[in-house]
Amino acid sequence: MAPASIEGPSKEGVQQASSSVNVAALELDTQCPYSILPSILFQMNSDKDMDRLTKVGGAAGLAKGLVTDLHVGLNDSPAAAADGLATAAASELGSVEAHRTAYGENKFPEKPPPNFFMMLLEAAKDPMIIILLIVAIVTIVLGAAVPEQRAHQGWSEGLAVLGTALIVIFLGAGQDYSKERQFQKLNALKDVIDVKVTRGGKQVLVPNTEIVVGDVMFLDTGDKVIADGIVIDSQGLVLDEASLTGESDPIKKDPVSDPWVRSGTTVNEGSGHMLVLAVGVHSEWGKTMALVSEAGDDQTPLQEQLTDVAAKVSKMGVLVAALCFLALLIKWLIIHKGGDIEWVLVAGKINDNGPLQFLLYAITITVVSIPEGLPLAVTLTLAYSMKKMMKDNNFVRVLSACETMGGATAICSDKTGTLTENRMTVVEGWFAGTAYPQVPEPSALGSHVLELLKWNCAMNNKAFLVDQESGVTDFVGNRTECALLVLLRKLGFDYKQLREEREADQIKLYGFSSARKMASVLLRERASGNLRLYNKGAAEWVLKRCVGLARPDGSTEPMTPARLEEMNALVTGMAKRGLRCICLSYRDYAGSDPARAADFFEDADLVDRDLVAVAIVGIKDPVRKEVPDAVITCQKAGIVVRMVTGDNIHTAQHIARECGLLTEDAIALEGPVFRAMPANELIPLLPRLRVLARSSPEDKLTLVSLLKKQGEVVAVTGDGTNDAPALKESDVGLAMGIAGTEVAKEAADIIILDDNFSSIVKSVLWGRAVYMNIRKFLVFQLSINLVAMISAAVGALVGGVPPLNVLQLLWVNMIMDTLAALALATEDPYPELLNDKPHGRSEPIITGLMYTHIIVAAIYKLFWLFACLYGLPRVLPAYATLTKSEYYQTMCTQILNDKGVLSTNATLQNDVCNIMGFCGFPQGDIHSDLCVLHNEWLAINTTVPSLQQDAVCNGMFNPTANYSGVVAPGEPCWRNNNLQSAQGAMDDEWDREYLLSYKPALSVLFNAFILAQVANAFVSRRIGLELNFFKGLAHSPIFNCIMVLITALQVLIMQTPISYIFKVEPLNGGEWGACIAIGIGAIPFSWVLRILLRWLLPLTANSSNWLAGLRGSRASNITASGAAPMRAAAHTRTLSGGAANHNNRTASGRTLSGPHGGYQDHNRTMSGNPHVVVTTNYQQGP
């Protein structure tokens, strides 16, 4: 049988019309084995060409041409032909792989991976890095060009700075590259969803990326459409196409008037099947995506806070750097003849501890003081946390949700599947007049009841069961409907056969809605031609619509008020045992009724009336075993957990007690009562509200809004399409990964992959870890910033030598920004984080205790820094620095020889060295017997003149000194000229030799400072008043590796030839011991501080209490006491906005709810402490 073909141009004609046809589709045409070419199919789909669709024979004709089957679908492999399926789809051309090859795959071109070279360019664009590189290059050039500088390797420091700056650039680019790759992998998972398709005659779940042209896909309320196609059958199918068209009005879809379905749209109502016609880049959504570039991620709130902190610290750093530069420059100008440019350039002074070095130093201070590691730390910890949270079944879709979840103060959770296992089973029930404590045998029910049950459970149902080879049955779809399918199996029926048998009889399917609390299906009876409606739903809601009760013999018992009360009592009894009660009912309609309106069956509310109850089944959904402990954990963490469910209030209360939610002082409300109460009376009840039963999505949205106005940080779970507004309104929306619709997932910030409440608690823990890791890094980095700025300012303004040189500061910056960010930002959470109260909505990122730790850590490091800088040379002779007297008296000959001054005449050299070292020009005492001038002038009984030239030139000279004798006062002489040349040479080398003499002390200082940073990193792991800084260290491999790496690199810097570049010298064992002791001393120093704070403050040792004390006990501010502004504003308005009816009620006892909908009875009671009396004013419902 030849496949059908679509009338259209030939392949050559199509190629000529390539301007209107997808070029990629034309390429597919050449390899297409089907009669319907991709270019023609895609063009018809793009144009919504109804004429061509009609000519080919509609969906059936397309299926024939695509070698698929509208009932069986495609086959996963050609081997499926062995199953004996008598369809064209059983051939090799009917396989999924053949269609993927012919029509393309359902994937979009991936965003190209990050380019490391581009990352390098981005990292090098930092203004400070650019200036640093320029100055380093100028230093290298001058150091190599000026002979005097070249002799002392003046280029070496510039080269070292250049190399270090390049390392910083490479490290920064490497981290950015790694981060981008990580985010790209995680973001790719956002678009992967499971969809329901028919393959080989079976309904299966496959990833959306595996969908191909020719697949028969099932659409249900809340689904996201992931391919283009046409509707095969529609049960009230309504799509939201606003994402493509911008039109907000939903569009009804059916096979006749509008069968075209577009990817990127969502199913608002109803259900149906579609035949896939275009996937991936060939779909309308794919074409749109190809034209739109991906937008960048906005900064998260925490990143914004830290960017602000970084800006403030940077301004201080720039100010300090500017002051240091000006102070050093002024000092240099005073010393070096006011900065005579010609003399400076000729002497090479500008690059010899001169303005270039000062500028380099100032820039380095700026680089160190700018905490660019803060935003990096947030990015790192978010990326790391997102990856780890996936393992804890939390898929983060919105980055900011990580940090926000840590501050959550309230969680509004669904019941089914979140607090319970969502493995629903019918365990008892009432069947046609008889209550059974377990599912009865089929023989006990009678043929009439079985007939009603089997069609209701099979046809009024969109779920299906997947039997695994292991014997486990997976539920796909609504879990309540799955439980009814399992019930059918227990009664001996195969739901698949039943559906196939009556599929053609289905007239209309009315899906479940939260407003009706029920679902129905309308079937045509083959024998009589009449219509029969099968209905199921929440028992108390369905019973209100029933006019009769079925009997085993097929007769009907009238539903009297007394009988209705009995049935409601039966439902209440089952609900109190924690069972979900579902009532199965039916109603017969005439096949044709002239009096019936033509659109009568379009309104489900009219159709679902005058029903006959057949059975009430009690469905057990046990509480997850880990939930009670998780709830206790939340309560200890200061988080209030509320159950928001559509279930009967008695069922909800039973489950809430099992979970530990509903204690004696807590209350439960029903949705109708909740929405009728005025805000000014509801708000005081919110702190005690733990259960909201029989609630609508609007009730959940209202609850979230009220809690947020109270100052709460609210996390909300949701699985239905109607939950999307509440998920969006909340601070963190949590969608269920298993039971959730795609609409709910799109609206959510985090997807809970296993639908488990304990996974939500893990997301809280990770959120707090993100916040805590950033705070740890802040404490660590800001203490170093403070030390760097203060020490630099003191070194420049007070005098002496800078405690840390340019290269050392860059190494500190690398530790502080890059390595420490990686170490502290990637620490795993620890359970004690949940003992703290939530940080709330407006708490500053840096608390009072953190400031204390920062300042105290800085004081410790500054003490040892200045002790090594100023104390060590004065206390220990081994570290004594060179004085000018020692310099001129002991090093004169060596320096002059090195500089080539009088190096050929030792006598003249010794003469000027004596004058410079012992005669006061510039060192010594002119009246000293050691001074050669003193002896000369003493010989003529004359005091030595104070002016250098007179003193040198006008005395009695030894004839062997080759001087010409006495000269006139004020006239120059060769002796003074020689002296001035020698003085210039000695001045040139003084700074270098002085710094060289400081090298032993500065080496100890530098090493001790770095080791103190390593110790401070350990201290920063706990920023409360904890004493154990090493707890959980075994679970922090990245931290441990980085600390080992820093220490190892420091050893290399100190003990290998690299020390020359860093201007330090190798240390001996005793010096290493002292440095290690100073470094480790940061730990006991912090212990002393924390013990002192514990003793001074009338607070417990727990950090959470201390932090809570600092911020005014956040937890207590989020209770009824915090509701005063809202309470005052609310007055007597109802939640719906209407004026309140002030009917004073006394509420005490167990439940504030109506027995059958919630608010008919004026004598309501409120769950909670039966001894508490609360006066409530609320508006009655209709």
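Residues numbered from 1 in each chain as written. Predicted model: local features only at pLDDT ≥ 70, side-chain atom pairs only at ≥ 80, totals over all residues. Heavy atoms only, no water.

(A) Inspection of the overall build of the chain at higher detail. Helix and strand counts for the chain stand at 45 helices and 28 strands. Sorting the 1182 residues of the chain into buried and exposed places 55% on the buried side. Sequence separation of at least 24 residues holds for 71% of the intrachain contacts in the chain that already meet a minimum separation of 6. For the chain, the exposed surface amounts to about 48,700 Å²; the carbon and sulfur share of it is 59%. (Helix = DSSP H or I, 4+ residues; strand = E, 2+ residues; numbered from the N terminus. Buried < 20%, exposed > 50% of the residue type's maximum accessible area, 1.4 Å probe, protein only. Contact = heavy atoms within 4.5 Å. Areas by Shrake-Rupley, 256 points an atom, 1.4 Å probe, with all protein chains shown as cover.)

(B) Just the state of the cysteines, in detail. Applying the stated criterion to the full structure yields 2 disulfides. Across the disulfide, cysteine 892 is cross-linked to cysteine 913 (sulfur-sulfur distance 2.0 Å). Between cysteine 892 and cysteine 913, the S-S dihedral sits near -80°, and the bridge is therefore left-handed. In this pair, cysteine 892 sits in helix α35 (residues 892-899) while cysteine 913 sits in helix α36 (residues 906-918), placing the two residues 21 residues apart along the sequence. There is no split in this pair, since cysteine 892 and cysteine 913 are both buried. Between the sulfur atoms of cysteine 919 and its disulfide partner cysteine 931 the distance amounts to 1.9 Å. Across the S-S bond linking cysteine 919 and cysteine 931, the dihedral sits near 110°, which makes this disulfide right-handed. Taken together, the residues cysteine 919 in the loop between α36 and α37 (932-938) and cysteine 931 in the loop between α36 and α37 connect sequence positions 12 residues apart. We classify cysteine 919 as buried; its relative accessible area is 2%. (Disulfide = S-S within 2.5 Å.)

(C) Quick peek at the environment of tyrosine 998. Among the secondary structure elements, tyrosine 998 is positioned in helix α39 (residues 974-1019). Given the relative accessible area of 3%, tyrosine 998 is considered buried. It is 5.5 Å that separates the C-alpha atoms of tyrosine 998 and threonine 881, two residues lying 117 residues apart in sequence. A distance of 2.8 Å separates a polar side-chain atom of tyrosine 998 from the backbone oxygen of leucine 869. (Polar contact = N/O pair within 3.5 Å; in protein donor to acceptor, adjacent residues only side chain to side chain.)

(D) Looking closely at a nonpolar patch on the surface. A cluster of nonpolar side chains, Leu1052, Ile1058, Tyr1060 and Ile1061, forms an exposed patch at the surface whose accessible area comes to about 350 Å². Ranked by residue count, the leading element in the nonpolar patch is helix α41 (residues 1058-1061), at 3 residues. When you line up the elements, leucine 1052 lands in helix α40 (residues 1037-1055). (Patch = residues over 30% accessible without salt bridge, like charges linked within 9 Å, V, L, I, M, F, W, Y side chains within 5 Å. Salt bridge = Lys/Arg side-chain N within 4 Å of Asp/Glu carboxyl O.)

(E) Representation of unusual backbone geometry within the structure. For the peptide bond that leads from phenylalanine 921 to proline 922, omega is 15°, which places it in the cis range. Within the secondary structure, proline 922 is located in the loop between α36 and α37. A positive phi angle, near 50°, is found at lysine 48, a position not held by glycine. Tracing the backbone shows lysine 48 in the loop between α3 (38-47) and α4 (50-56). A positive phi is found at lysine 1063, a non-glycine position, where the angle reads about 60°. Of note, lysine 1063 is situated in the loop between α41 and α42 (1069-1080).

(F) Structural detail: the side chain of lysine 253. Along the chain, the position of lysine 253 falls in the loop between β5 (251-252) and β6 (260-261). Owing to a relative accessible area of 2%, lysine 253 belongs among the buried residues under this scheme. A distance of 3.1 Å separates polar atoms of two side chains, one belonging to lysine 253 and the other to aspartate 258. Aside from chain neighbours lying at most four places away, what touches lysine 253 is Val231, Ser234, Leu237, Leu239, Glu241, Asp258 and Trp260.

(G) Focus on the pairing of strand β23 (residues 689-693). When you tally the buried positions in β23, you get 5 out of 5 residues, the bulk of the element. Note: strand β21 (residues 640-644) against β23, 2 bridges, orientation parallel. Bridge pairing in β23 links methionine 643 to valine 691. As defined by bridge partners, strand β22 (residues 667-670) adjoins β23 across 4 bridges and the pair is classed as parallel. Note on β23: the bridge partner recorded for isoleucine 667 is leucine 689. (Pairing = 2+ DSSP bridges.)

(H) Looking closely at helix α5 (residues 58-65). A large share of α5 lies buried, amounting to 6 of its 8 residues. Among all positions of α5, only Gly58, Ala59, Gly61, Leu62, Ala63 and Gly65 are buried. For α5, the secondary structure elements touched by its buried residues are α3, α4, β4 (228-240) and β7 (266-278). One or two positions beyond α5, positive phi appears at valine 67, with a value near 55°.

(I) Structural context of the pairing of strand β12 (residues 464-467). Relative to strand β13 (residues 473-476), β12 runs antiparallel, the two sharing 4 bridges. Bridge pairing in β13 links aspartate 467 to threonine 473. As consecutive antiparallel partners, β12 and β13 are separated by 5 residues, and within that stretch glycine 471 has a phi angle of approximately 100°, a positive value.

(J) Region of interest: the confidence of the model for the chain. Per-residue confidence for the chain gives a mean pLDDT of 77, with 76% of residues at or over 70. Confidence over residues 341-348 falls short of pLDDT 50; this stretch has 11 contacts with residues more than four positions distant or in other chains. In the predicted structure, residues 956-965 sits below a pLDDT of 50 and forms 13 contacts with residues beyond four places in sequence or in another chain. (pLDDT = per-residue confidence, 0-100.)

(K) Layout of the nonpolar core. Membership of the largest hydrophobic core comes to 91 residues, with the highest contact counts inside it found for Trp811, Leu896, Phe1006, Met1043 and Ile1046. The element best represented in this core is α39, accounting for 21 residues. Ignoring any residue separated from it by four or fewer positions in sequence, one finds isoleucine 1046 in contact with Trp811, Ile815, Leu819, Ile1010 and Val1014. (Core = buried A, V, L, I, M, F, W, Y, C linked by side-chain atoms within 4.5 Å.)

(L) Broad picture of the packing of aromatic side chains. One pass over the structure, following the stated rule, counts 17 aromatic pairs. Each ring, one from phenylalanine 1018 and one from phenylalanine 1030, has its centre 5.9 Å from the other, and the planes form 50°; the classification is tilted. Taken as a pair, phenylalanine 1018 in helix α39 and phenylalanine 1030 in the loop between α39 and α40 lie far apart in primary sequence, 12 residues in all. Take phenylalanine 1018: its relative accessible area is 16%, and that puts it in the buried class. One residue, arginine 1022, lies across the ring of tyrosine 830, its end atom 3.8 Å from the ring centre. (Phe/Tyr/Trp six-rings, centres within 6.5 Å; stacked < 30°, edge-to-face > 60°. Lys NZ or Arg CZ within 6 Å of the ring centre and 35° of its normal.)

(M) Fine view of α42. Given a rise of 1.5 Å per residue, 12 residues ought to cover 16 Å, and the 16 Å separating the end C-alpha atoms of α42 matches this to within 8%. Where α42 is concerned, the buried positions are Glu1071, Trp1072, Cys1075, Ile1078 and Gly1079. The buried residues of α42 occupy one face: seen down the axis, they fall within an arc of 125°. Along α42, the residues that are exposed and aim more than 90 degrees away from the buried face are Gly1069 and Gly1070. The distance from a side-chain oxygen at the start of α42 to the backbone nitrogen of glycine 1070 is 3.2 Å, and the residue carrying that oxygen is asparagine 1068. (Expected span 1.5 Å × (residues − 1). Arc of directions from axis to C-beta.)

(N) How the structure looks around the pattern of salt bridges. Tallied over the full model, the rule gives 32 salt bridges. Measuring nitrogen to oxygen at the nearest pair gives 2.1 Å for the salt bridge that ties arginine 516 to aspartate 608. Residue arginine 516 is located in the loop between β14 (506-513) and β15 (518-524), and its partner aspartate 608 is located in the loop between α23 (604-607) and β20 (611-620); the two are separated by 92 residues in the primary sequence. Each of the two residues, arginine 516 as well as aspartate 608, counts as buried. A salt bridge links arginine 545 to aspartate 605, with the shortest nitrogen-to-oxygen separation between them at 2.6 Å. With arginine 545 in the loop between α21 (539-543) and β17 (546-550) and aspartate 605 in helix α23, this residue pair connects regions lying 60 residues apart in the sequence.

(O) Quick peek at the sheet that holds strand β8 (residues 394-396). Taken in spatial order, the 8 strands make up an open sheet running β8-β26-β25-β24-β9-β21-β23-β22, and their pairing is mixed. Edge positions in the sheet fall to β8 and β22, since each has one partner strand and no second. Strand after strand, the sheet turns through a mean of 20° between neighbouring axes, direction not considered. Inspection of the sheet shows β8 paired to strand β26 (residues 750-752) by 3 bridges, in the antiparallel sense. Paired with valine 396 across the bridge in β26 is isoleucine 750. Along the sheet, helix α28 (residues 697-709) contacts β9 (410-413), β21, β23 and β24 (714-718); its crossing angle with β24, the most-contacted strand, is approximately 170°. (Axes fitted to C-alpha atoms, helices over the stretch in contact; angles between N-to-C directions.)

(P) Representation of the environment of leucine 133 in the model. Here leucine 133 shows up in helix α8 (residues 127-145). For leucine 133, a relative accessible area of 16% translates into the label buried. C-alpha of leucine 133 to C-alpha of leucine 166: the two residues are 33 residues apart in sequence and 8.6 Å apart in space.

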